[in-house]
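One-letter residues, chain by chain:
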Amino acid sequence: MKLLITGGCGFIGSNFVRYLLSTRTDYKIINLDLLTYAGSLKNLEDISKNSSYTFVKGDILDYDLLTDLAGDCDGILNFAAETHVDRSILDPSIFVKTNVLGTQILLEVARRRKIPRFLQVSTDEVYGSLGPSGTFKEESLLMPNSPYAASKAAGDHLARAYHKTYGLPVLITRSSNNFGPYQYPEKLIPLFIMKAIADEKVPLYGDGMNVRDWIYVEDNCRAIDIVFHKGRDGEVYNIGGVNEKNNIGIAKMILRMLDKPESLITYVQDRPGHDRRYALDSTKAERELGWRPVNNFDEAMEKTIGWYKENQDWCKSVLSRQSAVFQSTGRL
């Protein structure tokens, strides 16, 4: 089987490429990535010489390039996205271009090339904010509260529309917050880890009581693989970790595991439209596909902290690359 994976040099995408090559050794993978600030070739340096893997630098807005690459592919998995909420608040335009228009162009290429399978990788943030109880189900209304979440919701709607209108065999996964190796250091868990290692202040938005359901990235990769191969066309599958934690609890856990004082925690002004709580109901994926998360949260956090401690050079490299991207484009 030959697959086109977009955004395969990002956090979840790179972990998925590595997972797929380790579990399905007869597959061929084309990884298309523009290598913006959060995508790095270093994320897949260890498999760069694998004969089953090909990297192409390019943009999902490039219709001709996509048409050429899709060629004889058996499937497209779209990981390509602008993802950081704070950046979407500062400048929503690039999020609309990549997450909405880029998704539509990919879908159109898949339609014209008659691609047998298209998987849209999405997020629980499209559902908006939950109250103190309950969970989001696949049929829950989409009520995004940030430009990032709105752009991902728009991409999901387009994917559904292409299935309903053109019969394109589309699947959508919506996962809870991922964590693990190769996550860009501005995200909450790696940010807290890096700050704590350096004995710097660990910044908490608002009162620190915002709740997220966390999933180790390997569990999400396994879910995406199963949904792609066994999911029903036109369906959405929630991928939750069943690990609801508030942000202050995450900060204290990381500090404890690194033997750092809680005095490093500092409260900062909350971000606009900050969702209070997310939680996903993954019953559908469990019932239909037999998937469930297998990684223990505490053990996965220990592994994640260990990875960042051992890969300080990677962190410095991706952060210095961000500076270089900003110098050349004027855009973070």
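The model shown is predicted, which means the values in this text are computed figures rather than measured ones.

A few points about the side chain of Gln120
In this fold, Gln120 is placed in strand β5 (residues 118-123). Within the structure, Gln120 has its side chain in polar contact with the side chain of Asn78 (distance 2.9 Å). When neighbours within four sequence positions are excluded, Gln120 is seen to be in contact with Asn78, Thr103, Lys152, Gly155, Asp156, Ala159, Leu171, Ile172 and Thr173.

Re the sheet that holds strand β7 (residues 177-179)
With respect to topology, 3 strands assemble into an open sheet ordered β7-β9-β11, the strand pairing being mixed. Since the sheet does not close on itself, it has two edges, and those belong to β7 and β11 (244-246), each with one partner. For this sheet, the mean angle separating the axes of adjacent strands, direction not counted, is 50°. Of the strand pairs in this sheet, strand β9 (residues 211-216) and β11 are connected by 3 bridges, and their pairing is antiparallel. By the bridge assignment for β11, Val211 is matched with Asn246. Of the strands in this sheet, β9 and β11 touch helix α8 (residues 247-257), which is tilted by about 85° from β11.

Comments concerning the sheet that holds strand β1 (residues 2-6)
Taken in spatial order, the 7 strands make up an open sheet running β3-β2-β1-β4-β5-β6-β10, and their pairing is parallel. Pairing within the sheet leaves two strands with one partner each, and these edge strands are β3 (53-57) and β10 (236-239). Across the sheet, the mean angle separating the axes of adjacent strands is 20° when strand polarity is ignored. As judged from the 4 bridges shared by strand β6 (residues 170-175) and β10, these two strands associate in the parallel manner. When the sheet's bridge partners are listed, Thr173 is paired in β10 with Tyr237. Here helix α5 (residues 147-166) sits on the sheet and contacts β5 and β6; the angle it forms with β5, its principal contact strand, is near 155°.

Concerning the pattern of salt bridges
Any two side chains of opposite charge can pair, on the condition that their charged atoms come close. Considering all chains together, one arrives at 20 salt bridges under this definition. The partner of Glu45 in a salt bridge is Lys42, with the nearest N and O atoms 3.7 Å apart. Looking at Lys42, the relative accessible area reads 32%, which means it is partly exposed. The closest approach of N and O atoms between Glu235 and Arg232, which form a salt bridge, is 3.6 Å. The exposure class of Glu235 is partly exposed, given its relative accessible area of 21%. Residue classification places Arg232 among the partly exposed residues on the basis of a relative accessible area of 41%.

Considering helix α7 (residues 217-230)
For α7, with 14 residues, the first-to-last C-alpha span of 20 Å sits near the 20 Å given by 1.5 Å per residue. With respect to burial, α7 is a largely interior element, 11 of its 14 residues being buried. Val217, Asp219, Asn220, Cys221, Arg222, Ala223, Ile224, Asp225, Ile226, Val227 and Phe228 are the residues of α7 that are buried.

Observations regarding the environment of Lys201
Relative to the assigned elements, Lys201 resides in the loop between α6 (188-197) and β8 (202-205). Sequence spacing of Lys201 and Ala150 is 51 residues, and the spatial spacing of their C-alpha atoms is 31 Å. When near neighbours in sequence (up to four residues on either side) are disregarded, Lys201 contacts Lys195, Ser263, Leu264 and Thr266. A polar atom in the side chain of Lys201 sits 3.1 Å from the backbone oxygen of Ser263.

Thoughts on α8
For α8, the complete set of buried residues consists of Asn247, Ile248, Ile250, Ala251, Met253, Ile254 and Leu255. Buried-residue contacts for α8 involve α6, β8, β9, β11, β12 (265-268) and α10 (297-310). Downstream of α8 by a residue or two, Asp259 has a phi angle that is positive, lying close to 55°.

Some points on the pairing of β1
Taking burial as the measure, the 5 residues of β1 include 4 buried ones, the bulk of the element. The pairing of β1 with strand β2 (residues 28-33) spans 5 bridges and is parallel. When the sheet's bridge partners are listed, Leu3 is paired in β2 with Ile29. Across 4 bridges, the pairing between β1 and strand β4 (residues 75-78) is parallel. Looking across to β4, one finds that Ile5 is bridged to Leu77.

About the cut-offs
Residues numbered from 1 in each chain as written. Predicted model: local features only at pLDDT ≥ 70, side-chain atom pairs only at ≥ 80, totals over all residues. Heavy atoms only, no water. Helix = DSSP H or I, 4+ residues; strand = E, 2+ residues; numbered from the N terminus. Polar contact = N/O pair within 3.5 Å; in protein donor to acceptor, adjacent residues only side chain to side chain. Contact = heavy atoms within 4.5 Å. Pairing = 2+ DSSP bridges. Axes fitted to C-alpha atoms, helices over the stretch in contact; angles between N-to-C directions. Salt bridge = Lys/Arg side-chain N within 4 Å of Asp/Glu carboxyl O. Buried < 20%, exposed > 50% of the residue type's maximum accessible area, 1.4 Å probe, protein only. Expected span 1.5 Å × (residues − 1).

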